[in-house]
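# Geometric and topological summary
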Amino acid sequence: MGMISLLILIPLTGAALLHFVKNDNAAKIFTLGVSVVAFVVSLVAYFQFDPRALGYQFQEKLDWVAIGNIRLSYFVGLDGMSMLLVLLTTFLMVIALIGTWNSQSKKVSNLMALLLLLEAGMIGVFCSLDLFLFYIFWELILIPMYFIIGVWGGERRIYAAVKFFIYTLAGSLFMLVAIIWLGLEAAKVGGTFTTDLVKLTAISHQLPLDVQNYLFWAFAASFAIKVPLFPVHTWLPDAHVEAPTIGSVILAGVLLKMGTYGLIRFNLGLFPQASANNASVLAVLAVVGIIYGALVAIVQTDIKKLIAYSSVTHMGFIVLGIFSMTREGLQGAVIQMVNHGLSTGMLFMMFGMMYERKHTRAISEYGGVAKITPLFAVFFAIAMLSSVGLPGLNGFVGEYLTLMGAFQSPVLHSWVYSIFSSTGVILAAVYLLWMYQRFMLGPVTHEANRSLKDLSTREIVSLVPLVVFMIWIGVRPMQFMRTSETSINALSNSLLGVQPEKTNDYQVVNPKVIVK
Amino acid sequence: MSYNDFISVLPLLVLTGTGFLVLLWDAFSKKPSRAPLTLTMLGGVGAIAAAAANLMNSSSVAFGGLFFSNSFTNFFTIIFSAAVILTSMLAERYLQGKEVITGEFSALLIFSAVGMVMLASGANLIVTFLGLETMSVSFYVLAGLYRTEARSNEASLKYFLLGAFATGFFLYGIALIYGCTGTMSLVDIRGTMAATGAQPRIASPDSTLLLLGSVLLIVGLAFKVAAFPFHQWAPDVYEGSPSIVSGFMSTAGKTAAFASFALIFGYALIPNGHPHGGMEKVQMILAILAALSMLYGNIVAIAQTKIKRMLAYSSVAHAGYLLLGVTALNANGQKGIAVYSAVYTLMQIGAFGVVSYLEREDGVGLELADYAGLSKRRPYLALLMSILMFSLAGIPPFAGFFGKYYLFMAALDAGMTWVVIVGVISSIIASFFYLRVIVQMYFTEPKHVTEPAKEGFSFPMIAVGLAVVALLVFGLQPSLLLQGIGYFFQ
């Protein structure tokens, strides 16, 4: 069995075995063990991974459905970008499990099984090289997340869970139509119906341009909802606020990346021309999202909601980087995907720790907490500053690259995007620092808070690795970018020279013709 | 008539024989027993075996062109027989304590299946008509099986009166088609349509007659599959009938009508998926019916608070999905109909099985609110039900998804993109009410605190379990299903 199948099967088997583990503690220990094994396997894969090699590595291909002219296959493989995201997934699983160890007490073994199912689905999404298989994994994630929010969530969990499910399903059904349509179009060009990503990449640019445009939008709709891009972001704050801590961490840390991953892999990879034509539309939405998300975040009184809206902003930067269609922008987007996973994941997790102690999400219920729990304050400050994009920490590198990409983008043709989105950086400082101030600094406003306990050893253990990576990426980003460099370069080379199609709208009409 | 003729229709003979045997047994036995049901299951198994043996038969015609016997008909025969078996398994307990004679029930079940097989194998419009009536008459009685309950009586009467109308339409359609083409044999009609194209046997005014005839046939069949706007009977009938009967009617009955749809339109009137001679209009009519059924069924299902009515309206929508396959009129469409029928039969019988199980065991289960907190009371039943709901909503990796995939593919291939878009939108709507059942079962607290019930292994549970396992297997390995279908008339 190949490395990737192993990576998918480990959590899947773990989830199945959890059915027999009824004891809560045993279930947690078992799940932690399974996710550590998965993490170790992904590390082994990382060390075997050759960052300089072109194409997909660890490829596995099995015929799955072969009837008539329809061939679907189980086809998986990794390139640099997916490698980073798989590592992020397996790493965050371990961290999130340790970090939220005591936060759930009901039906723990069910929750753990769903988490492992989620992990298998996420790894599958990042490794699928067959669009059909990708779709299956993509949808597979819906079910466990739906239950995690719906069963273990807060008061309005049902509303949030259903909204999450229907929003995502709406997008993905259009993707399904696009996948079938693309396969049928490929049959016209290449002979047989196929959903093989490698084959499709080779022939998709031969399709009629209007078909490319339609397909581009069908895929973009699905991914934009997952990212989530303004104006289809409204499910996110609800889902984040209502989800249990570990759900929020996985949702922000990994799930949202599926959207931006899809935009890079499928929209840019399959339809470069259509991407160039429509880049400005998506970039505008991204910039609107950056500013809108930040403005809404400023006025939030609920910490979880604030972090959720900050996600809208941060994901906007990633989308902007992607649709700059430059090497810098794409590289920035990929590293920012990892960064956002680390910093927002850590923010959610740390707030979850505080929530366990105090059971309220209102900022006004805190104040001056830094005096009582100094360790908590320090770690929270690091996560917050990483999210703000302080130079020396990871967030800075990504945001800088995406902005630079947008600035010199050949398809966006304008520095306006960078200027406007830069205000997002400033606004991020406003809402995050202000939140930190109200939360942590100043005098202790609630006497009851004096009894808050500082971080436990277990909590510190879960946070230290995150901080290490934040600083590591901030100081030596090249080490991480090298992994995805080759695949991003190959992609950006294929995009090179692609220009938005010239429309006739602005052509100067010969006045003589009109006058006659 | 030759030995081969009988071999070709062996599944039909097995089913008919079983039906008579059950009736005889019932006439001679003194006290009620479970024997008729057991016999029915055995008959179903026998029919499956016979059909499976015939499955790889390349197209053959029996009794001088009256019956088809090929992979298509045999595949559908297997679906009907499986539905009979599952329904009898569910009936085992469900009928206990009700004033229902199991022998009567079993015989009617089998005879309706005989009608279905005739529908799926009729190579002559008269055989199709006979099949339609054999099936329908059995259904009319089955719907009124609870003879002491007013609701059941009402369902039966309503079904019968409206069904009689549909029969009239269908028969009139046959007459017109005969008038135009001079034949009732599907093979000959196909030949005429393929050879002369725009000109049927008699000159030009007949393309109008042909169109009219086709429309009347569509009306007759659309009534049987409960497609919008011919669905009005369905919610009342499904609600009033015993749950297991509703499950059987809304799946196997529908599937049979769809098999006939595929034969009459896909094979005979519009050969090779190239409509001509006014048939483009028929294709458009079918597409519009499909679109309206999907939207209407799903939108109205949202408003339902009774689970059987919800399933009834959603079955209108599923008829719409299947009509997509008819509309496409290509090989993928035929495959799509076959795959989706099989899968839909499993899902819907499973769902009605859960409903009937709860109805029987807990005395509740007809209202959506009865499902509140079911995951605490009956975790396994809740799990089975949620898989059925996810599958009905078309979420992978369950088989419902593959069915939809095929139908969408067929319609896209035929260039009917707009209907697919309607299908997608209605699927999103549908997910809402399927999820609601899961929300009830898992996310809401039960109204009364009840002890977790013991979930023993009983026939009904096994039947639902079998359906769910099949959905999982076909979902993960759709080739199994697809290989069974083989190639239809190629």
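Quick summary incoming for the structure in this document. (Residues numbered from 1 in each chain as written. Chains lettered and ligands numbered in written order. Predicted model: local features only at pLDDT ≥ 70, side-chain atom pairs only at ≥ 80, totals over all residues. Heavy atoms only, no water.)

### Observations regarding the overall build of chain A
When helices and strands are counted, chain A shows 21 helices and three strands. Computed over its C-alpha atoms, the radius of gyration of chain A comes to 23 Å, within 12% of the 24 Å expected for a compact globule of 516 residues. The C-alpha extent of chain A, read off along each of the three principal axes, is 85 × 60 × 40 Å. Looking at the 516 residues of chain A, the share that counts as buried comes to 64%. A sequence separation of at least 24 residues applies to 81% of the contacts in chain A between residues at least 6 apart. (Helix = DSSP H or I, 4+ residues; strand = E, 2+ residues; numbered from the N terminus. Rg over C-alpha atoms; globule rule 2.2 N^0.38 Å. Buried < 20%, exposed > 50% of the residue type's maximum accessible area, 1.4 Å probe, protein only. Contact = heavy atoms within 4.5 Å.)

### Some thoughts on the interface of chain B and chain A
The interface is formed by 38 residues belonging to chain B together with 34 residues belonging to chain A. For the chain B face of the interface with chain A, the top three residues by lost area are B:Tyr405, B:Ile428 and B:Phe443, together amounting to 20%. For the pair chain B and chain A, the number of links is zero salt bridges. Counting across the interface, chain B meets chain A through three residue pairs in polar contact (both at pLDDT 80 or more). Per-element accounting of the side of chain B that touches chain A gives the leading share, 13 residues, to helix 18 (residues 417-443) of chain B. Looking at the side of chain B that touches chain A residue by residue, the classes come out as 28 nonpolar, eight polar and two charged. (Buried area = accessible area lost by both parts, 1.4 Å probe. Salt bridge = Lys/Arg side-chain N within 4 Å of Asp/Glu carboxyl O. Polar contact = N/O pair within 3.5 Å; in protein donor to acceptor, adjacent residues only side chain to side chain. Nonpolar A, V, L, I, M, F, W, Y, C, P; charged D, E, K, R; others polar.)

### With respect to helix 19 (residues 457-475) of chain A
All names here are of chain A. Between the first and last C-alpha of helix 19 there are 27 Å, a value that for 19 residues agrees with the 27 Å anticipated at 1.5 Å per step. The largest bend in helix 19 is about 25°, located at Leu463, with the proline Pro465 one to four residues further on. Within helix 19, burial applies to Glu459, Ser462, Leu463, Leu466, Val467, Met470, Ile473 and Gly474. Close packing links the buried residues of helix 19 with helix 3 (80-99), helix 14 (327-358), helix 16 (374-388), helix 17 (394-407) and helix 20 (477-495). (Expected span 1.5 Å × (residues − 1). Bend = angle between axes of the 7 residues up to and from the residue.)

### A closer look at helix 2 (residues 10-28) of chain B
Think of an α-helix as turning once every 3.6 residues; residues three or four places apart then point the same way. Residue and element names in this part refer to chain B. In this model helix 2 runs 27 Å from its N-terminal to its C-terminal C-alpha over 19 residues, within 8% of the 27 Å that 1.5 Å per residue would give. Residues Pro11, Leu12, Leu15, Thr18, Gly19 and Val22 constitute the buried set of helix 2. Along the axis of helix 2, the buried residues cluster in a sector spanning 130°; they form a single face. Opposite the packed face of helix 2, turned more than 90 degrees from it, sit the exposed residues Ala27 and Phe28. (Arc of directions from axis to C-beta.)

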